[in-house]
There are 2 protein chains.
Amino acid sequence: MAGSNPGIPRKAVILAAGFGERMGRVPKGLLRVAGREIVHRTVLLLSKLGVSSFVIVTNGDYLNAYKRFLEEKGIDADVIVNPHPERGNGYSLHMARKAVNGRFILTMSDHVYSGEFIERAAEGDGLIADRRPKFADVEEATKVRVEGGRVADVGKRLAEWDAVDTGFFVLDDSIFEVTGRLVEERDTVNLSDVVREAGLKVTFVDGLPWMDVDTPDDVKKARRMLVRTAVKGTGDGFVSRHLNRRISTWISYHLVEHTGPGPMTALTFAVGILSALLTLWLPVLAAFVYQFDSILDGVDGELARARLETSRFGGYLDSILDRYVDGLFIALLAYGSVTEPLWYLVVLLALLGSVMVSYSTERFKGAYHVDPYRVIKPLRYLPGKRDERVFTAMVLVALGLVKAFFVLTAVVANVRVMCTVYLVWRSLSQPKTI
Amino acid sequence: MAGSNPGIPRKAVILAAGFGERMGRVPKGLLRVAGREIVHRTVLLLSKLGVSSFVIVTNGDYLNAYKRFLEEKGIDADVIVNPHPERGNGYSLHMARKAVNGRFILTMSDHVYSGEFIERAAEGDGLIADRRPKFADVEEATKVRVEGGRVADVGKRLAEWDAVDTGFFVLDDSIFEVTGRLVEERDTVNLSDVVREAGLKVTFVDGLPWMDVDTPDDVKKARRMLVRTAVKGTGDGFVSRHLNRRISTWISYHLVEHTGPGPMTALTFAVGILSALLTLWLPVLAAFVYQFDSILDGVDGELARARLETSRFGGYLDSILDRYVDGLFIALLAYGSVTEPLWYLVVLLALLGSVMVSYSTERFKGAYHVDPYRVIKPLRYLPGKRDERVFTAMVLVALGLVKAFFVLTAVVANVRVMCTVYLVWRSLSQPKTI
């Protein structure tokens, strides 16, 4: 089991024997952050990577709460009771010794990790440390000093340190020799004692979203972290990056504990249709509602990613509904404000272009099975994405320049499609990108 | 090397020492069928499956022709001369003995195979035989009688037989013991002697396109076979299956030796734009040209597949151009025949629906990375595919019912999109399909 590149361990141990005093004595692993118990999130993310067997070490008081939780979620995990939680989390780890052999992941029930963090961390070895923690409270964190790739010292009050302990470890069962020795020698055995004594290897995973939750304030902070890092972004245009996402993440932050992506997709569609209908009577208001709907449109995806509830069908449905909202908005806006056939020709081209912008990127995904924005960078800077078109609609309609909106959309959208085809063609001469 | 499931061999031997008397003494492997030398086709199809090393056995007269061909195409192959081609193709095989060890594929330079045939055959063992030959001339073919999974007898004039020899074999180097013995015993050693003597295993690959080429007439037959089986078909609608494909394959048959898919994509787009422009002056003629363009639209794909020149970009460009042809046809037809805003609303919905039909399937491919028509069978029977919409346009416009065309397209296309979304959603409850 000690060979090179041994892959991701199949087993994970989660330490959950602390009493969570600063939260008011609750099992912290069962706190819901972004609609999911912290432990559930960790189990789901690890399962995706192939971890198939889980061990939870808790205290006698919280045993039933954990058992109920596991049953309710249908998670197959061994629960082990640490009869002396006051002896420290190193002692808790020692309790898991009979449930583990070979390599395993060790992690903490009160640490909230993003998917990207766990993906990278699970491939590491020893203690996973972060040299540029973005979300964790560095003041409160356990620091690590590293020498020759191994832990030289560890503690909250180190004068000199290199990185912060993320509470995530990739270990093997030889660690139990160390815990066994320490448990015999001392009353209280903290994990940092074990880490120091074992002189663990250190793997750096820097700057990715993770944090631990100690206080009610930390729960909010963790929620904010998950919502903000749930922005997909690769296909976002200028307006989305600088305006829509700021508001949509604020909305998502307030909704994420209460509602999943499904109802938001429905609401976004309803508001979109409303904006299209409003063009017939109150075009200026309609244009503002349309822009508001474009902001709302980010929320379902953010909720889905933050709550780990993404579904391909959700994304599929959402983008088809978006096309219909855009199509109906253009069609009804024209019906309410245009009479001449020549202008309708412009409107028809605007509608065609506006659907073709999406078609040209989706058709690419269908053919090449990759996200065009990731492999063809210049695509990101082409104007004419949906957020930009909607914002333009709002501004121009508010200024009474409805026909200018149609002309602009007809030109920008269709030129964008031509540029997309050109960029795809050009990228073929750089075979590495596709 | 004799273990189970040993995979596809990395080496292939192609026998090309015959003089091709019935073709007028030409190297048959260098005859072009569907724009490619027969041997080039075989090499390309085998390369796709991971065969990386080729040996061609030819006669002294054709040596230079083969060498020139290989150099021109940049194919890395050993060419071996059979100094006694009159001693038979079993003798030619014997000539390859020093260039081969372990398992190898053996095939004939005058056999034209489809990709599907080669994919299945290369996974077989021994002689590959076809119990339901669709294209080969059974009268002229070598027949095989099979007993207990092995060749019992082989020859052109068997009284009883089970299958036809496809000229494709998966062998190992123990075959050279057999050829060696026969070469010592006899003057003429045919491959059928080798097969009979070795009691080869038989793998059946039935009913897939392949045939051998002996006469000038066979070249035409092979061309027709490649064009007909180049119809992709999974997304074809009723009109395509019963009308368009019959004409497009006839066109492809006549073009396939002369032109590749690129010029046809350009021509199809040009004719499509012409049909859209014609709506302004001669709508009935325009509608007929539009239907003709819909037939032409099949040709580029057929040429690409028959000539082994498919490219993702070609397919990408083609489908974007199709959307523009449809969009412009609808837009200009409306501009020439509609004046009332209410009717323009219908036109806008017709245009939206017509693009959304393609969007809803392409978006599916982007999300699920599979062809929706293959995994969601009922989709095939939904009306409203492009070939059906274009045909409807021709009929209704010819009858002077332009507005009926807009209403019908607006309803059928958009209902089709809703049904597509519903069928995708429903297929999620059958997790095996996606």
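Every chain begins its residue count from 1, and numbering advances along the sequence as written. Following the order in which they are written, the chains are lettered starting with A and the ligands numbered starting with 1. Only residues with pLDDT of 70 or above have their local features reported here, since the model is predicted, and side-chain atom pairs are shown and tallied only from 80 upward, although totals for entire chains, interfaces and linings are computed over all residues. The basis for the side-chain values is all heavy atoms of the structure; hydrogens and waters are excluded.

Where helices and strands are cited, they refer to DSSP runs of H or I of at least four residues and of E of at least two residues respectively, numbered from the N terminus. Scanning chain A from N- to C-terminus turns up 15 helices and 13 strands. Judged by the C-alpha coordinates and their principal axes, chain A covers about 90 × 50 × 40 Å. His residues and chain termini do not enter the charge count, which takes Lys and Arg as positive and Asp and Glu as negative. For the purpose of locating charges, the reference atoms are NZ of Lys, CZ of Arg, CG of Asp and CD of Glu. Here chain A contributes 54 positively and 50 negatively charged side chains, and the mean placements of these two sets differ by 5 Å.

Moving on, we come to helix α12 (residues 341-368) of chain B. All names here are of chain B. Here α12 spans 39 Å end to end across 28 residues, near enough to the 40 Å set by a 1.5 Å rise per residue. Bend, in this description, refers to the angle at a residue between axes fitted to the seven residues ending there and the seven starting there. Maximum bend of α12: about 30°, positioned at M356. Residue H369 follows α12 closely and has a positive phi angle near 60°. Multiplying 1.5 Å by the helix residue count minus one yields the expected span of that helix.

The next subject is the relation of the copies chain B and chain A. The relation between the two copies of this chain is a rotation about an axis and a shift parallel to it. Superposing copies: least-squares fit, C-alpha atoms only, residues required to have pLDDT of at least 70 in both. For the pair chain B and chain A, the best superposition has an RMSD of 0.0 Å and corresponds to a rotation of 180° with a translation of 0.0 Å parallel to the axis. The relationship between the two copies is best expressed as a two-fold rotation axis. Relative to the rotation axis, the closest C-alpha in chain B is found at B:G366, a distance of 2.0 Å.

On to the pattern of salt bridges, then. Opposite charge on two side chains permits them to pair, given that their charged atoms come into close proximity. Residues and elements named next belong to chain B. By convention in these notes, a salt bridge is any Lys or Arg side-chain nitrogen within 4 Å of a carboxyl oxygen on Asp or Glu. Inspection of every chain in the model, using the stated rule, returns 56 salt bridges over all chains. Residue D214 is joined to K28 by a salt bridge in which the shortest nitrogen-to-oxygen separation is 2.8 Å. Remark: K28 occurs in the loop between β1 (11-16) and β2 (32-33) and D214 occurs in the loop between β13 (210-212) and α7 (216-228); sequence separation between them is 186 residues.

What follows is about the nonpolar core. Residues belong to a common nonpolar core when they are buried Ala, Val, Leu, Ile, Met, Phe, Trp, Tyr or Cys residues joined through side-chain atoms within 4.5 Å. Per-residue accessibility, obtained with a 1.4 Å probe over protein chains only, is compared with the maximum for each type, and a residue is labelled buried under 20%, exposed over 50%, and partly exposed between these values. Grouped together as the largest cluster of nonpolar side chains are 210 residues, with contacts concentrated most on A:F117, A:F168, A:F406, B:F117, B:F168 and B:F406. Once residues lying within four places of it in the same chain are set aside, the contact partners of A:F117 are A:I128, A:T166, A:F168, A:V205, A:L208, A:P209 and A:W210. In what follows, residue pairs with any heavy atoms lying within 4.5 Å of each other are defined as contacts.

This part takes up the side chain of B:H40. Relative to the helices and strands, B:H40 is located in helix α1 (residues 38-48). B:H40 sits in the buried class, given a relative accessible area of 8%.

A few words now on the pairing of strand β8 (residues 126-130) of chain B. All names here are of chain B. Of all five residues in β8, five are buried, a share of seventy percent or more. As judged from the five bridges shared by β8 and strand β11 (residues 163-172), these two strands associate in the antiparallel manner. From the neighbouring strand, L127 faces β11, where its bridge partner is F169. Two strands are said to pair when DSSP picks up at least two bridges between them. Where β8 lies against strand β12 (residues 202-204), three bridges are found, and the strand directions are parallel. What sits directly across from A129, in β12, is F204.

Our next topic: the interface of chain B and chain A. At the interface, 47 residues of chain B touch 47 residues of chain A. By buried area we mean the combined loss of accessible area, with a 1.4 Å probe, across both parts when two parts are placed together. Buried area between chain B and chain A, summed over both chains or domains, comes out near 4400 Å², and the portion from carbon and sulfur atoms is 77%. Its largest share of buried area at the contact with chain A, chain B owes to B:Y316, B:L348 and B:Y359, together 17% of the area lost on that side. At the junction of chain B and chain A, the tally comes to two salt bridges. The salt bridge partner of A:E362 is B:R363, with a shortest N-O separation of 3.5 Å. We define a polar contact as two N or O atoms separated by no more than 3.5 Å, with the added condition that, inside protein, one atom must be a possible hydrogen donor and the other a possible acceptor, whereas residues neighbouring each other in sequence contribute only through side-chain atom pairs. Seen at the junction of chain B and chain A, the total is 14 residue pairs in polar contact (both at pLDDT 80 or more).

The residue A:A270 is located in helix α9 (residues 261-278) in this model. With 77 residues separating them in the primary sequence, A:A270 and A:D193 have C-alpha atoms 57 Å apart.

Looking now at a nonpolar patch on the surface. Grouping into patches uses exposed residues only, defined as over 30% relative accessible area, and leaves out salt-bridged ones; the cut-off is 9 Å for like charges and 5 Å for nonpolar side chains (Val, Leu, Ile, Met, Phe, Trp, Tyr). Surface accessibility follows the Shrake-Rupley procedure with a 1.4 Å probe radius. Residue values consider only the protein chains on display as shielding. Residues A:L277, A:W281, A:L282 and A:L285 make up a contiguous nonpolar surface patch of roughly 440 Å² in combined accessible area. Examined against the element boundaries, A:W281 turns out to sit in the loop between α9 and α10 (283-306).

With that out of the way, let us pick up the pairing of β11(B). Residues and elements named next belong to chain B. Here β11 lies mainly inside the structure; nine of its 10 residues are buried. When strand β6 (residues 103-108) meets β11, the two strands line up antiparallel, connected through five bridges. Of the residues in β11, the one forming a bridge with F104 is L171. For strand β9 (residues 143-147) and β11, the ladder comprises two bridges, and the chain directions are antiparallel. Looking across to β11, one finds that K143 is bridged to V164.

What follows covers the domain arrangement of chain A. Residue and element names in this part refer to chain A. Domains assigned within chain A are domain 1 (11-215) and domain 2 (230-427). Here the bounds of each domain stem from an automatic or database domain assignment. Computed from C-alpha atoms alone, the centre-to-centre distance between domain 1 and domain 2 is 43 Å. In this assembly, eight residues from domain 1 lie in contact with six residues from domain 2. For the pairing of domain 1 and domain 2, the buried interface totals around 580 Å² over both sides, and the portion due to carbon and sulfur atoms is 46%. Interface area lost by domain 1 to domain 2 is led by A34, G35 and R36, which between them contribute 63%. At the surface where domain 1 touches domain 2, the tally comes to zero salt bridges. For the pair domain 1 and domain 2, the interface holds five residue pairs in polar contact (both at pLDDT 80 or more).

Attention now moves to the packing of aromatic side chains. Working definition: a ring pair exists when centres of Phe, Tyr or Trp rings (six-membered ring for Trp) sit within 6.5 Å. Plane angles under 30 degrees give stacked, over 60 give edge-to-face, the rest tilted. The full count for this structure, using the stated rule, is 25 aromatic pairs over all chains. When the centroid spacing of 5.0 Å and the interplanar angle of 10° are considered together, the rings of A:Y113 and A:F117 count as stacked. Here A:Y113 matches A:F117 in class, with each residue buried. Among the aromatic residues, those joined into a cluster by ring pairs are A:Y113, A:F117, A:F168 and A:W210. We call a charge positioned above a ring when the Lys NZ or Arg CZ atom is no farther than 6 Å from the ring centre and deviates by at most 35 degrees from the ring normal. When the ring centre of A:F204 is taken as reference, the NZ or CZ atom of A:R131 above it lies at 3.8 Å. The lysine or arginine in question, B:R25, covers the ring of B:F19, its NZ or CZ lying 4.3 Å from the ring centre.

The subject of this paragraph is the confidence of the model for chain A. Per-residue confidence for chain A gives a mean pLDDT of 93; residues scoring 70 or more make up 97%. Two summary scores accompany this predicted model of the complex, namely pTM at 0.89 and ipTM at 0.88. Known as pLDDT, the predictor's per-residue confidence is scaled from 0 to 100.

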